[in-house]
Amino acid sequence: MSQEEVLSLIEKKDGKAYTYLYNMYSKSLFAVITNLIKNREEAEDVLQDVFVKIWSNIDSYNSDKGRLYTWMLNITRNTTIDKMRSKGYNKSLKNQELDNFVGIIDNENKFMNKIDIIGVSEFIKKLKPKCIQIIDLLFFKGYTQAETSEELEIPLGTVKTLNRTCINDLRTYLQV
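If you're wondering where the values come from, they're calculated on a predicted model, not measured in any experiment.

Each value, and the rule that gives it
Residues numbered from 1 in each chain as written. Predicted model: local features only at pLDDT ≥ 70, side-chain atom pairs only at ≥ 80, totals over all residues. Heavy atoms only, no water. Buried < 20%, exposed > 50% of the residue type's maximum accessible area, 1.4 Å probe, protein only. Helix = DSSP H or I, 4+ residues; strand = E, 2+ residues; numbered from the N terminus. Arc of directions from axis to C-beta. Core = buried A, V, L, I, M, F, W, Y, C linked by side-chain atoms within 4.5 Å. Contact = heavy atoms within 4.5 Å. Disulfide = S-S within 2.5 Å. Expected span 1.5 Å × (residues − 1). Bend = angle between axes of the 7 residues up to and from the residue. Polar contact = N/O pair within 3.5 Å; in protein donor to acceptor, adjacent residues only side chain to side chain.

Chemist: I tried to follow helix α1 (residues 3-11) on my own but got confused; where do I start?
Modeler: Spacing of three or four residues puts side chains on the same side of an α-helix, whose turn is 3.6 residues. The complete set of buried residues in α1 reads V6, L7 and I10. Relative to the axis of α1, the buried residues are bounded by an arc of 100° and lie together on one face. Two residues or fewer after α1 comes K13, characterised by a positive phi angle close to 60°.

Chemist: Honestly, the nonpolar core in this entry has me stumped. Any pointers?
Modeler: Most often, soluble globular proteins keep nonpolar side chains buried together rather than apart. Within the largest apolar cluster, 23 residues are counted, with the highest numbers of intra-cluster contacts made by L21, L29, F51, I54, L68, W71 and M72. Every element with two or more residues in this core is listed here: α1, α2 (15-36), α3 (40-56) and α4 (68-85). Ranked by the residues each element gives to this core, the list is headed by α3, at 7 residues. Residues contacting I54, with those up to four places away along its chain left out, are L21, L29, W71, M72 and I75.

Chemist: Hey, could you run me through the state of the cysteines in this one?
Modeler: A covalent bond between the sulfur atoms of two cysteines is what we call a disulfide. Scanning the model with the defined rule gives 1 disulfide in all. Residue C131 pairs covalently with C166 via a disulfide, S to S 2.0 Å. One disulfide, between C131 and C166, carries an S-S torsion of -80° and so falls in the left-handed class. Of this pair, C131 sits in helix α8 (residues 129-140) while C166 sits in helix α10 (residues 156-174), placing them 35 residues apart in sequence. Judged by its relative accessible area of 2%, C131 falls in the buried class.

Chemist: Just checking my understanding: could you explain α2 for this structure?
Modeler: Relative to the 32 Å expected for 22 residues at 1.5 Å per residue, α2 spans 29 Å between its end C-alpha atoms, a close match to the ideal helical length. Where α2 bends most, the angle comes to about 50°, and this point is Y25. Those residues of α2 that fall on the buried side of the exposure criterion are A17, L21, Y25, S26, L29, F30, I33, N35 and L36. Looking at where α2 begins, the residue whose side-chain oxygen comes 2.7 Å from the main-chain nitrogen of K16 is D14.

Laid out in structure tokens, this is it:
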């Protein structure tokens, strides 16, 4: 099915399109969520929220502004960050059992290995040290630009400029 066909079916609220979207994108979106939220049950809840938002807000997608997957990825990232900032989530982190910490370390190592498998880490290593920090905080750790500014103790405008410059440098390396 082409992207246009899927979008047409979604706009008609056809269940086949929802199933198709879920089957095609759920694994990759879930990987983004689990990178930020280590608890599998909470990550699954966030994934469900993401697909409800995608389904409900499909009218706001504009193909002239970017690909469907990128739009869905932004919804996923924003929903995950919203969950992480919620009071309930922060309270649950304070009450984790010891077993959870072993899983967190294992998952982090697996994620880093996945990055190595797809080769992104090699391209990121070619960037300037400040770019590596910015990309790590913004994209892999889920920091906002304001939080990155505080963490690195640099002005917010500088973070925004560096982010744009670093992404452009990465695009150059990836030839995208």
